Amino acid sequence: MSTLQFTIPSKVEAIEPLMEKLGPVISSNLPPGEDAQVDLALREALANAVIHGNRLDSRKKVHVSCFPRKGCVDLIVRDEGPGFDVAAVADPLANENLLADHGRGVYLMKAMMDEVRFAKGGKQVHMRKTGPVH
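These remarks concern the structure in this document. (Residues numbered from 1 in each chain as written. Predicted model: local features only at pLDDT ≥ 70, side-chain atom pairs only at ≥ 80, totals over all residues. Heavy atoms only, no water.)

This part takes up the environment of Leu 46. Topologically, Leu 46 is positioned in helix H2 (residues 34-53). In this structure the C-alpha to C-alpha distance between Leu 46 and Val 64, which are 18 residues apart in sequence, comes to 8.6 Å. (Helix = DSSP H or I, 4+ residues; strand = E, 2+ residues; numbered from the N terminus.)

Here is the structure:
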């Protein structure tokens, strides 16, 4: 399958329609269970891009690239915001952050995906999930 490209507005309501398009593509390329992890990581990346990256600015967009192939899915999510320093993100497992109502997105992406890296000063996240090799 070829690369899929999407652009959504910086609205939380735009996330679900995109997930409905990408869900079947992700599911058809990964084993059951693996696709649920990608779903969660992608939702977190999209929410971070819309809310924290673009700060819900209707003039800014979120760009998503999906590179599916049997047994592997690569995703890139890019926002048009100022970026951030991933090293400065607070540890959500630290005692003082356990009850916080935010701050777990990066942690969840890293926990759910096999590879996560940030580029372009934090404006872009690259994620990869590879199914088990038999």
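Don't stop here, the text continues.
Once that is clear, we can look at the sheet that holds strand S5 (residues 124-130). The strand order across the open sheet formed by five strands is S1-S2-S3-S5-S4, and the pairing between neighbours is antiparallel. Two strands close off the open sheet at either side, each with one partner strand: strand S1 (4-9) and strand S4 (115-119). If you compare each strand with its neighbour and ignore which way they point, the axes differ by 15 degrees on average. Sitting on the sheet, helix H3 (residues 105-112) touches S4 and S5, and the angle it makes with S4 is about 135 degrees. (Pairing = 2+ DSSP bridges. Axes fitted to C-alpha atoms, helices over the stretch in contact; angles between N-to-C directions. Contact = heavy atoms within 4.5 Å.)

Once that is clear, we can look at the pattern of salt bridges. According to the stated counting rule, one finds eight salt bridges in the structure shown. Residues Glu 34 and Lys 129 are paired through a salt bridge, measuring 3.6 Å at the closest nitrogen-oxygen approach. Taken as a pair, Glu 34 in helix H2 and Lys 129 in strand S5 lie far apart in primary sequence, 95 residues in all. Of the two residues, Glu 34 and Lys 129, both sit in the buried class. Shared partners join several salt bridges into a network, and the residues in it are Arg 69, Asp 74, Glu 115 and Arg 128. (Salt bridge = Lys/Arg side-chain N within 4 Å of Asp/Glu carboxyl O. Buried < 20%, exposed > 50% of the residue type's maximum accessible area, 1.4 Å probe, protein only.)

Right, let's talk about the nonpolar core for a bit. Core analysis: the largest hydrophobic core is formed by 29 residues, its most contacted members being Leu 42, Leu 46, Val 62, Leu 75, Val 77, Met 109 and Met 127. Elements that contribute at least two residues to this core include exactly helix H1 (15-29), H2, strand S2 (61-69), strand S3 (72-79), H3 and S5. For this core, the element with the highest residue contribution is H2, accounting for seven residues. Excluding residues within four positions of it along the chain, Leu 75 makes contact with Val 38, Leu 42, Ser 65, Cys 66, Met 113, Val 125, His 126 and Met 127. (Core = buried A, V, L, I, M, F, W, Y, C linked by side-chain atoms within 4.5 Å.)

Looking now at the packing of H1 against H2. Close contact between H1 and H2 brings their axes to 10 Å; oriented N to C, the two are set at 150 degrees. Regarding the angle of H1 to H2, the classification is roughly antiparallel. You can see that H1 and H2 cross each other, and the crossing is right-handed. Taken together, the residues of H2 that come into contact with H1 (itself represented by Ile 15, Glu 16, Leu 18, Met 19, Leu 22, Ile 26 and Ser 27) are Asp 35, Val 38, Asp 39, Leu 42, Arg 43, Leu 46, Ala 47 and Val 50. (Parallel < 35°, antiparallel > 145°, perpendicular 65-115°, else oblique. Left-handed = near helix turned anticlockwise from the far one by under 90°.)

Take unusual backbone geometry next. The backbone of Leu 56 shows a phi angle near 60 degrees, a positive value even though the residue is not glycine. Position of Leu 56 relative to the elements: it lies in the loop between H2 and S2. With relative accessibility at 47%, the residue Leu 56 sits in the partly exposed group. Here the phi dihedral of Lys 120 falls at roughly 50 degrees; this positive angle occurs in a residue that is not glycine. Its place among the elements puts Lys 120 in the loop between S4 and S5.

A cluster of nonpolar residues, Val 12, Ile 51 and Leu 56, forms a patch on the protein surface that exposes about 240 Å² of accessible area. Judged by relative accessible area, which is 41%, Val 12 ranks as partly exposed. (Patch = residues over 30% accessible without salt bridge, like charges linked within 9 Å, V, L, I, M, F, W, Y side chains within 5 Å. Areas by Shrake-Rupley, 256 points an atom, 1.4 Å probe, with all protein chains shown as cover.)

So, on to the pairing of S4. Along any regular strand the residues' side chains alternate between the sheet's two faces. The sheet contact formed by S4 and S5 spans five bridges and is antiparallel. Directly across from Val 116, in S5, lies its bridge partner Met 127. Hairpin connection from S4 to S5: four residues lie between these consecutive antiparallel strands, with Lys 120 at a positive phi of about 50 degrees.

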